[in-house]
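One letter stands for each residue in the lines below.
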Amino acid sequence: MNGATTSGELRAHNRARLLRAVHEGGATLTRSQLTRDLGLARGTASVLVAGLLEDELLHEEPAREHARGRPTQVPGPHPHGPVALAADVREDAWELAACELGGRVTVLAVRPHDGTPEGALGTLGEALAAERQRLGHRVVGVGVALAGPVRHGGLVDIAHLSWHAVDVPHLLTAGPGPGPADAPRPSGPLFLRGVPLFVGNDTAFAALAEARRGRLRGVRVGLHLHVDFDLGGVLVVDGRPLGGAAGSGAEFGHMPLTGGKRPCPCGALGCWSTEVGANALLRHAGLAHGGGRGREQAERVLATSSKAVAANARALGRGIAALVNAHDPEAVTLSGHGVELYERAGETLRAAAEPYLMAIRREAPPRIESSALGWRGALLGAMESVFDAFLTPEGLGGWRGSPP
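It should be emphasised that the depicted structure is a prediction, and the values quoted were computed from it without experimental measurement.

Peer 1: Can you walk me through the nonpolar core in this structure?
Peer 2: Soluble globular proteins: nonpolar side chains tend toward being buried together. Core analysis: the largest hydrophobic core is formed by 37 residues, its most contacted members being Leu18, Leu19, Phe387 and Phe390. Contributions of two or more residues to this core are made by helix 1 (7–24), helix 2 (31–38), helix 3 (42–54), strand 3 (83–89), strand 4 (93–100), strand 6 (139–146), helix 6 (202–213) and helix 12 (377–390). Counting residues per element, this core draws most heavily on helix 12, at eight residues. Setting aside residues up to four positions removed in sequence, Leu18 forms contacts with Leu38, Leu40, Leu48, Val49, Leu52 and Leu58. Counting 32 residues, the second largest nonpolar core, distinct from the first, contains Leu96, Ala98, Ala127 and Val156.

Below, the structure written as structure tokens:
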């Protein structure tokens, strides 16, 4: 049931369904395929598409391959259509992209930062303001992925950068300068320069993207692990990462899954993330680590040190076994450095996991796979957070279809 009670509500519901199908299909499905998949009458689909073309939400191109007769049309993003601005803020740099309906990504800027909240988010906020002005009404939202737990209201903690309760919306809006961390937090949706703002953990966003466009698509219960300087992990159920009561649930990396006792910058002892990731690779090689620095050195260690790679893979395998025992996932996917760790030491990882699996899990273990999206997952997940809100009858109701 869609809840529509009038012809206008039904039309709005079907417009959103059709646009979502275009988006989730990567803007590759023909009009006839969409009509069939959505169970629409041909005439209804034609009227809907005509309206979406007129409102500059869709544009059609002939299919590359078609039978005799009239060319089959493929609905896709309109040149003046909606754009999601998506950013991936890592510990040492940020990337900003414009994303169209269907998932096409255009990278706008990649900039290093100094590791401070002001240096990272202030400069990103300036870039977002410039793109918001350039693209005008086409911008339907902003999604920002961050390498730490994000609480409701847009507060982020990145322990190894000494970020605590950093007010992301404030810094993105105000530019450099401290934010009032103790100010009352908004209880409803966040906004940035007049459009919805979605702030989330990079692992949770990477998991969302993997569920929509990667190897967790169609998986009912999956586990996604994102490895950068340290490790994050989240359970994905029915295509959605579980966010927790305060929105900061993607933190499997801060569980003592490997029996270690090393203190973690988060304040806990023996966190799994201290044993897996770039910081652990640097530590194994006897190099300086922490503070979001040393990415290039860590990549060299990953490429040349079989000992450091094996240690990371063993710790990763043991932790995966514990989570498989707890959650019984259908699949486990790895992104970031996890892709190369698995490619270089997949057998070591699986051998490390097997003894720690319950017998019933060992009989039919979940598949472990590298992400189909690699490092791009967090950025794509930030995009999906925007389009999830826009591709609804309420979101589309605010669209202005005329050029700026």
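Peer 1: So what exactly am I meant to see when it comes to the layout of surface pockets here?
Peer 2: Empty space among the atoms becomes apparent when a probe as large as a water molecule is rolled across them. Quantified by volume, the largest pocket comes out at close to 1000 Å³. Lining the largest pocket are 44 residues, with Leu197, Phe198, Val199, Phe205 and Ser385 positioned closest to its centre. Elements represented by at least two residues in the lining of the largest pocket include exactly strand 6, strand 7 (150–151), strand 10 (190–192), strand 11 (195–201), helix 6, strand 14 (240–241), helix 12 and helix 13 (393–397). Residues of the lining of the largest pocket, tallied by class, amount to 23 nonpolar, 15 polar and six charged. Computed from the structure, the second largest pocket encloses a volume of approximately 510 Å³.

Peer 1: Sorry, what's going on with the pattern of salt bridges here?
Peer 2: Side-chain pairs of opposite charge can arise whenever the charged atoms involved come near each other. Under the definition given, this model contains 23 salt bridges. With its nearest N and O atoms 2.5 Å apart, the salt bridge here joins Glu384 to Arg213. In this pair, Glu384 sits in helix 12 while Arg213 sits in helix 6, placing the two residues 171 residues apart along the sequence. By relative accessible area, which is 2% here, Glu384 ends up buried. We note a salt bridge from Arg295 to Asp228, for which the minimum N-O separation is 2.9 Å. Note that Arg295 is positioned in helix 8 (residues 295–304) and Asp228 in the loop between strand 12 (221–227) and strand 13 (231–237), a separation of 67 residues in sequence. Pair check on accessibility: Arg295 and Asp228 agree, each one buried. Look at the salt bridges and you will find they share partners, linking Arg20, Glu24, Arg212, Arg213, Arg240, Glu384 and Asp388 into a network.

Peer 1: Honestly, the side chain of Asn201 in this entry has me stumped. Any pointers?
Peer 2: With respect to the element layout, Asn201 can be found in strand 11. Taking the relative accessible area as the measure of exposure, Asn201 reaches 8% and is therefore buried. There is a polar contact of 3.1 Å between the side chain of Asn201 and the backbone nitrogen of Ala204. Among all residues touching Asn201, those that are not within four sequence positions of it are Leu146, Gly148, Pro149, Val150, Ala250 and Glu251.

Peer 1: Before we go on, may I ask you to explain the sheet that holds strand 9 (residues 163–167) in this structure?
Peer 2: Picture the strands of a sheet paired through backbone hydrogen bonds; they go either parallel or antiparallel. Reading across the sheet, the three strands line up as 7-8-9 and stay open at both edges, with antiparallel pairing between neighbours. Strand pairing shows two members of the sheet lacking a second neighbour, strand 7 and strand 9, which therefore form its edges. With three bridges connecting them, strand 8 (residues 155–158) and strand 9 associate as antiparallel partners. Across the sheet, Leu155 pairs through a bridge with Asp167, a residue of strand 9.

Peer 1: In this structure, what is going on with the sheet that holds strand 10? I would like to understand it.
Peer 2: Within the open sheet, the six strands sit side by side as 5-4-3-6-11-10. Their pairing is mixed. Every interior strand has two partners, whereas the edge strands, strand 5 (105–112) and strand 10, have only one. The sheet shows a mean angle of 25 degrees between the axes of neighbouring strands, taken without regard to direction. Relative to strand 5, strand 4 runs antiparallel, the two being bridged by seven bridges. Looking across to strand 5, one finds that Ala97 is bridged to Val107. Contacts from helix 6 reach strand 6 and strand 11 within the one sheet, and its direction differs from that of strand 11 by about 105 degrees.

Peer 1: It is not clear to me how the side chain of His337 should be interpreted in this structure. Could you clarify?
Peer 2: Counting through the fold element by element, His337 comes out in helix 10 (residues 337–353). Accessibility expressed as a relative area gives 4% for His337, which makes it buried. Excluding anything up to four places from it in sequence, His337 contacts Val227, Asp228, Ala278, Arg295, Glu299, Leu302 and Trp375.

Peer 1: Honestly, the state of the cysteines in this entry has me stumped. Any pointers?
Peer 2: Under the criterion given, the structure shown has zero disulfides. Cys266 provides the cysteine sulfur closest to Cys264, a residue in no disulfide bond, and the two sulfurs are 3.6 Å apart. Judged by its relative accessible area of 9%, Cys264 falls in the buried class.

Peer 1: Even after reading the chapter, I still don't get the packing of aromatic side chains, so can you show me in this structure?
Peer 2: What describes a pair of aromatic rings is the distance from one ring centre to the other and the angle between the planes of the rings. Going through the model one piece at a time under the given rule, you end up with one aromatic pair. A centroid spacing of 6.2 Å and a plane angle of 75 degrees characterise the contact between Phe390 and Trp399, whose relative ring orientation is edge-to-face.

Peer 1: Sorry, what's going on with the confidence of the model for the protein chain here?
Peer 2: A low pLDDT means the predicted coordinates there should not be read in detail. Mean pLDDT for the protein chain: 92, with 93% of residues reaching 70 or above. Contacts for the low-pLDDT stretch residues 175–182, under 50 throughout, to residues beyond four places or in other chains number 16 contacts.

Rules and cut-offs
- Residues numbered from 1 in each chain as written.
- Predicted model: local features only at pLDDT ≥ 70, side-chain atom pairs only at ≥ 80, totals over all residues.
- Heavy atoms only, no water.
- Core = buried A, V, L, I, M, F, W, Y, C linked by side-chain atoms within 4.5 Å.
- Buried < 20%, exposed > 50% of the residue type's maximum accessible area, 1.4 Å probe, protein only.
- Helix = DSSP H or I, 4+ residues; strand = E, 2+ residues; numbered from the N terminus.
- Contact = heavy atoms within 4.5 Å.
- 1 Å grid on protein atoms, 1.4 Å probe; cavity = no way out; pocket = protein on both sides within 12 Å on 5 of 7 lines; lining within 4 Å.
- Points joined across faces, edges and corners; volume = space filled by probe spheres on them.
- Nonpolar A, V, L, I, M, F, W, Y, C, P; charged D, E, K, R; others polar.
- Salt bridge = Lys/Arg side-chain N within 4 Å of Asp/Glu carboxyl O.
- Polar contact = N/O pair within 3.5 Å; in protein donor to acceptor, adjacent residues only side chain to side chain.
- Pairing = 2+ DSSP bridges.
- Axes fitted to C-alpha atoms, helices over the stretch in contact; angles between N-to-C directions.
- Disulfide = S-S within 2.5 Å.
- Phe/Tyr/Trp six-rings, centres within 6.5 Å; stacked < 30°, edge-to-face > 60°.
- pLDDT = per-residue confidence, 0-100.

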